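Residues per chain are reported as follows:
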Amino acid sequence: MNIEQNRSSGIVYPEVAVNLYKPKNPVEVPVVENRIATEQISPNIIRHITFDVSGTGLEGRIRSGQSVGIVPEGITEPDGKPAKVRLYSVASPSRGEDGDGKIISLTVKRVIEENPETQNLFLGLCSNYLSDLNPGDTVKMTGPNGKRFVLPENAHDFNYVFFATGTGVAPFRGMVRDLLETGFDGQMALVFGSPYNTDLLYPGEFRDLADRHQNFHYLTSISREGRRLDGSKHYVQYQLIDSREILQPIVEKDNTLIYICGLQGMELGLYQMLANEGYDEYLRISDELAGVSPLEWDRADLKKRVRPSERLFLEVY
Ligand SMILES: Cc1cc2nc3c(=O)[nH]c(=O)nc-3n(C[C@H](O)[C@H](O)[C@H](O)COP(=O)(O)OP(=O)(O)OC[C@H]3O[C@@H](n4cnc5c(N)ncnc54)[C@H](O)[C@@H]3O)c2cc1C
Ligand SMILES: NC(=O)c1ccc[n+]([C@@H]2O[C@H](COP(=O)([O-])OP(=O)(O)OC[C@H]3O[C@@H](n4cnc5c(N)ncnc54)[C@H](OP(=O)(O)O)[C@@H]3O)[C@@H](O)[C@H]2O)c1
């Protein structure tokens with residue numbers, strides 16, 4: 001088995017399957033279920049959609065943290081060409097929703113926008129194609145995609161802090177269950193950011209897991225309902241300060257890994273807060289920034305001067 005051992009961190013990177021199905025030869029799979037993923041009625045429509053991949057090359061081969069591609073059939077891009085593949089993170093555990101790797105799930109947010117120039121309503125092509133599907137309909141799927149944003153092979157040797165915004169929580173739903181369902185006894189926290197309480201995804205599932213497992217901490221950052229004392233929004237990175245009593249003992253352990261998924265904007269704020277709180281070991285900070293307060297970093301610094309260390313895993317779009 002071709003397993004790569006990272007000497008400095010002890011992380012054993014797993015061998016994961018990728019590109020079993022490419023856009024030119026996608027596999028056709030049926031939809032099993034399509035339901036709302038929020039607990040309450042929300043103007044943001046986010047759906048939990050499950051697919052039966054049994055009997056295909058994807059059965060049992062998709063790890064939490066990977067994504068799959070969806071080919072929206074019969075739909076054209078604005079330029080008239082056939083719609084391209086879109087990627088969606090898998091929300092199911094590595095053993096699938098069913099425990100046998102046959103049923104996988106996605107968390108899909110309907111893209112509904114007004115074109116600022118024309119005032120025309122714009123509906124995202126693939127997210128609405130997926131959200132409109134009914135059980136029994138079939139879709140063309142590609143993948144799996146992604147090699148690095150997965151749990152290490154020796155997952156029980158680490159503690160974890162997962163930071164998610166919006167549908168970025170999808171991979172963590174799978175990872176948290178992968179760990180807890182295999183008797184993980186380390187410490188783990190999920191910090192989840194949403195605009196409103198009504199937008200929280202799978203809140204009942206996460207609360208239930210936190211109630212049943214003392215080593216799993218579930219923290220939410222609701223950005224548009226109230227402000228922090230200094231007037232700033234409740235963003236995920238501020239939980240490093242506001243929930244210090246829970247997060248500090250985990251983050252300061254030298255065998256903790258941090259995973260970040262969701263909006264691109266969260267990267268800078270989280271890096272700044274990690275560095276400002278003294279958790280430098282999650283980052284590789286260039287000497288060029290010596291003497292510069294992390295709070296003064298900008299997006300340009302993230303390209304060259306501040307990079308994730310081997311203990312930080314990032315997927316933002
Ligand atoms: C690795 C990865 C994982 C992802 N995981 C998830 C996930 O778990 N869940 C999820 O919901 N998404 C996820 N995404 C995003 C997903 O791939 C799609 O980008 C998203 O669903 C939007 O696709 P769409 O076809 O609905 O929108 P598109 O039709 O592609 O439109 C996208 C954007 O383009 C602009 N646009 C395009 N055409 C027009 C027009 N005519 N008028 C006005 N504006 C226009 C709009 O701003 C719109 O928001 C992921 C992306 C990546 C890369
Ligand atoms: N594998 C992947 O890479 C992957 C998987 C799934 C999703 N995604 C991406 O994740 C994104 C999720 O979007 P969404 O519409 O689902 O999210 P959403 O529901 O709008 O939630 C985003 C939350 O993050 C907050 N936020 C905004 N800017 C922030 C910042 N700079 N730092 C920290 N928090 C910030 C928002 O607050 P305010 O809006 O109130 O400011 C809001 O509370 C999409 O872009 C999707 O493509 C990526």
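Residues numbered from 1 in each chain as written. Chains lettered and ligands numbered in written order. Predicted model: local features only at pLDDT ≥ 70, side-chain atom pairs only at ≥ 80, totals over all residues.

J.: An account of the overall build of the protein is needed here, citing residue identities and associated values.
T.: Assigned secondary structure in the protein consists of seven helices and 17 strands. Counting across all 317 residues of the protein, residues that qualify as buried make up 36%. Long-range contacts, defined as pairs at least 24 residues apart, comprise 70% of the intrachain contacts of the protein with a sequence gap of at least 6. (Helix = DSSP H or I, 4+ residues; strand = E, 2+ residues; numbered from the N terminus. Buried ≥ 20, exposed ≤ 12 C-beta atoms within 10 Å, placed from the backbone. Contact = placed C-beta atoms within 7 Å.)

J.: Talk me through the site of ligand 1; I want residue IDs and the actual numbers.
T.: The environment of ligand 1 is made up of 20 residues, and the closest members are Gly124, Leu125, Cys126, Ser127 and Thr167. For the shell around ligand 1, the secondary structure elements donating two or more residues are strand 6 (86-89), strand 7 (103-109) and helix 1 (125-131). At four residues, the largest contribution of residues to the shell around ligand 1 is made by strand 6. Its residues assigned to classes, the shell around ligand 1 comprises 10 nonpolar, seven polar and three charged. (Near = placed C-beta within 6 Å. Nonpolar A, V, L, I, M, F, W, Y, C, P; charged D, E, K, R; others polar.)

J.: Break down the site of ligand 2 for me, citing the residues and quoting the values.
T.: Of all residues adjacent to ligand 2, which total 27 residues, the nearest are Thr165, Gly166, Ser223, Tyr235 and Gly265. Elements represented by at least two residues in the shell around ligand 2 include exactly strand 12 (188-194), strand 14 (256-262), helix 6 (266-276) and strand 17 (312-316). Along the lines of polarity and charge, the residues of the shell around ligand 2 split into nine nonpolar, 13 polar and five charged. Domain assignment of the residues forming the shell around ligand 2 places at least three in each of domain 1 (17-145) and domain 2 (155-316). (Domains from an automatic or database assignment.)

J.: Would you mind going over the nonpolar core in detail, with residue names and values included?
T.: Grouped together as the largest cluster of nonpolar side chains are 68 residues, with contacts concentrated most on Val161, Phe162, Phe163 and Leu190. Counting contributing residues, this core receives three or more from each of domain 1 (17-145) and domain 2 (155-316). Apart from the residues within four sequence positions on either side, Phe163 is in contact with Val191, Val236, Ile260, Met266 and Leu270. (Core = buried A, V, L, I, M, F, W, Y, C linked by C-beta atoms within 7 Å.)

J.: Got a sec to walk through the sheet that holds strand 4 (residues 46-52)? Specific residues and values, please.
T.: Strand order across the open sheet formed by six strands is 6-5-10-3-4-7, with antiparallel pairing between neighbours. With partners counted over all chains shown, the strands left at the sheet margins are strand 6 and strand 7, one partner each. Strand-to-strand, the axes of this sheet are offset by a mean angle of 45°, without reference to chain direction. Of the pairings in the sheet, the one linking strand 4 to strand 7 comprises seven bridges and is antiparallel in character. Each bridged residue has a counterpart across the sheet, and for Arg47 the counterpart in strand 7 is Val108. (Pairing = 2+ DSSP bridges. Axes fitted to C-alpha atoms, helices over the stretch in contact; angles between N-to-C directions.)

J.: Describe the domain arrangement of the protein, naming the residues involved and giving the relevant values.
T.: You can read the domains of the protein as domain 1 (17-145) and domain 2 (155-316). Its C-alpha centre places domain 1 at a distance of 25 Å from the equivalent point of domain 2. Each partner contributes residues to the interface: domain 1 has 18 residues there, and domain 2 has 18 residues.

J.: So what about the sheet that holds strand 12? Which residues, and what values?
T.: With respect to topology, five strands assemble into an open sheet ordered 13-12-11-14-17, the strand pairing being parallel. Two strands close off the open sheet at either side, each with one partner strand: strand 13 (216-222) and strand 17. If you compare each strand with its neighbour and ignore which way they point, the axes differ by 10° on average. When strand 14 meets strand 17, the two strands line up parallel, connected through five bridges. In the sheet register, Cys261 faces strand 17, and the bridge partner there is Glu315. Each of strand 11 (159-165), strand 14 and strand 17 is contacted by helix 6, which is oriented at about 155° to strand 14, the strand it contacts most.

J.: How would you sum up unusual backbone geometry? Please name residues and give values.
T.: Following Gly143, the chain continues to Pro144 via a peptide bond in cis, the omega torsion being -5°. A positive phi angle, close to 55°, is found at Asn19, a residue other than glycine. In this structure, Asn19 sits in the loop between strand 2 (12-13) and strand 3 (27-36). The exposed category is assigned to Asn19, around which 11 C-beta atoms lie within 10 Å.

J.: Explain the pairing of strand 10 (residues 138-145) to me, and be specific about the residues and the numbers.
T.: As paired elements, strand 3 and strand 10 share four bridges and run antiparallel to each other. From the neighbouring strand, Pro30 faces strand 10, where its bridge partner is Thr138. Where strand 5 (residues 67-71) lies against strand 10, four bridges are found, and the strand directions are antiparallel. Paired with Ile70 across the two strands is Met141, which belongs to strand 10.

J.: Tell me about helix 2 (residues 170-180), residues and numbers included.
T.: Burial of helix 2 is extensive: nine of the 11 residues sit out of reach of the surface. Among the residues of helix 2, Ala170, Pro171, Phe172, Arg173, Gly174, Met175, Val176, Asp178 and Leu179 are the ones counted as buried.

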